[in-house]
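In case you want the letters, here they are:
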Amino acid sequence: MSTETPLAPIGSTSAASPGPVQTQRRLPRFAAAGLFLAGVAVGALLSALTGFSLALTVLYGVVLGTLAVYAVSRQVEGRRKATDRLVTSLVSTAFAIAMVPLLSLVYTVLDRGLARLDASFFTNSMFRVVGEGGGAYHAIVGTVLITALTTLIAVPIGLLTAIYLVEYGTGRLKKAITFFVDVMTGIPSIVAGLFAFALFTLLFGNDVRLGLMGSVALAVLMIPVVVRSCEEVLKLVPNELREAAYALGVPKWRTVVKVVLPTAIAGLGTGITLAVARVIGETAPLLITVGLITGTNFNPFEGRMATLPVFAYYQLTQPGTATQAFIDRAWTAALVLIMLVMGLNVVARLISRLFAPKTGR
């Protein structure tokens, strides 16, 4: 009586004779970084031999370091992993190059702006100050008031426009509004200042300079940013929420107010805050519309007002007898302006975190 040995299924491996286990070779953990640094060192040596130049050193180092990583990885790990390391090196290099001007800017502003960052800079104005001393209290007050008034003008218009485009707009009118918003996004800031100047000149005469003029000019720049950011946030609200409200018989306007806006409140707050940060540092429109004074003006509807960008501009371009004091005040004003913008970005992140919809686990 013969016995037949059952055939193993196709694709299975017999337990009695296991095949050899192949393991892919990999470079040690810090080998890629070491190879890249070695390429940078060779690039620096090559640059020194041909006449040292920082730009050539960076160029030679990046090229040789990337090629070294790719070549060694290709021999050890194969083509696929080598290509991955090549792209990683290129992306990391691009990020490092992009960070160089930012870090340089921050270092320069801190190095030159900390000289006058004291209590008197925040509590004194330039009224009757000729040389050293004084501060930017009047400019800080003007910047805060004009920016607040700009926000009051631009946010309702921009938010309501975004709601119309997402919830109500159809046909040619929606396309026309979208087109003009895109055009306004690319308007140079000086054009917005000229528009506000021409408008108020027609209404009040040639000699008028008001904080309100600056707010109108900045609102022209801020409205398209608010429209675009709010529109994209409103589009992210799921349609299922709207349909559920409609199924319960809720009117459309009430659905927008009670469902759509509360759901998108975090993104709306972030977008509006970033739009404020976008216009708070504008200089050209304020040069035309607001002008500059050395005293403090709390009324944006009467007389000139000082702002930080214009204050820094005049301190740098029209120094008096004590030139270094004017330059120090200009750098400190720039530092304070950067601090305000950074503070607004932090506020935007806090709004996004605090008001984001909470999901249950």
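For clarity, every value in this text was computed on a predicted model and none was experimentally measured.

Colleague: Give me the lowdown on the overall build of the chain, citing residues and values where you can.
Modeller: Within the chain one finds 14 helices and zero strands. From first element to last, N terminus to C terminus, the chain shows the α and β order α-α-α-α-α-α-α-α-α-α-α-α-α-α. Whereas a compact globule of 361 residues would reach a radius of gyration of roughly 21 Å, the chain reaches 31 Å, over 25% beyond that. Across its three principal axes, the chain shows a C-alpha extent of roughly 115 × 75 × 40 Å. For the chain, with 361 residues in total, the buried portion stands at 35%. Split by element, the accessible area of the chain, about 21700 Å² in all, is 67% carbon and sulfur. Here the chain contributes 28 positive and 16 negative side-chain charges, whose respective centroids are spaced 4 Å apart.

Colleague: Explain the nonpolar core residue by residue, including any values.
Modeller: Met222, Cys230, Leu234 and Leu268 are the most contacted members of the largest nonpolar core, which has 37 residues in total. Elements supplying a minimum of two residues to this core: helix 5 (137-168), helix 8 (211-235), helix 10 (252-263) and helix 11 (265-279). When residues of this core are assigned to their parent elements, the largest contribution, eleven residues, is made by helix 8. Beyond its immediate stretch of four places on either side in the chain, Cys230 contacts Leu159, Ala162, Leu268 and Ile272.

Colleague: Describe helix 5, listing the residues and the values that go with them.
Modeller: End to end, helix 5 covers 45 Å across 32 residues, agreeing with the expected 46 Å (1.5 Å per residue, within 8%). At Ala154, helix 5 is bent by approximately 25°, the largest bend along its length, and proline Pro156 sits one to four residues beyond.

Colleague: Could you give an account of the domain arrangement of the chain, with specific residues and numbers?
Modeller: Domain boundaries in the chain define domain 1 (13-115) and domain 2 (121-354). Tallying the contact residues gives six residues for domain 1 and five residues for domain 2. Taken together, the two surfaces of domain 1 and domain 2 that pack against each other cover about 580 Å², and 78% of this comes from carbon and sulfur. By the criterion of area lost to domain 2, the three top residues of domain 1 are Val109, Arg112 and Gly113, representing 70% of everything that side buries. Taken together, the connections running from domain 1 to domain 2 amount to zero salt bridges. One can count one residue pair in polar contact (both at pLDDT 80 or more) joining domain 1 with domain 2. Considered class by class, the residues forming the side of domain 1 that touches domain 2 number three nonpolar, two polar and one charged.

Rules and cut-offs
- Residues numbered from 1 in each chain as written.
- Predicted model: local features only at pLDDT ≥ 70, side-chain atom pairs only at ≥ 80, totals over all residues.
- Heavy atoms only, no water.
- Helix = DSSP H or I, 4+ residues; strand = E, 2+ residues; numbered from the N terminus.
- Rg over C-alpha atoms; globule rule 2.2 N^0.38 Å.
- Buried < 20%, exposed > 50% of the residue type's maximum accessible area, 1.4 Å probe, protein only.
- Areas by Shrake-Rupley, 256 points an atom, 1.4 Å probe, with all protein chains shown as cover.
- Lys, Arg positive; Asp, Glu negative; His and termini not counted.
- Charge placed at Lys NZ, Arg CZ, Asp CG, Glu CD.
- Core = buried A, V, L, I, M, F, W, Y, C linked by side-chain atoms within 4.5 Å.
- Contact = heavy atoms within 4.5 Å.
- Expected span 1.5 Å × (residues − 1).
- Bend = angle between axes of the 7 residues up to and from the residue.
- Domains from an automatic or database assignment.
- Buried area = accessible area lost by both parts, 1.4 Å probe.
- Salt bridge = Lys/Arg side-chain N within 4 Å of Asp/Glu carboxyl O.
- Polar contact = N/O pair within 3.5 Å; in protein donor to acceptor, adjacent residues only side chain to side chain.
- Nonpolar A, V, L, I, M, F, W, Y, C, P; charged D, E, K, R; others polar.

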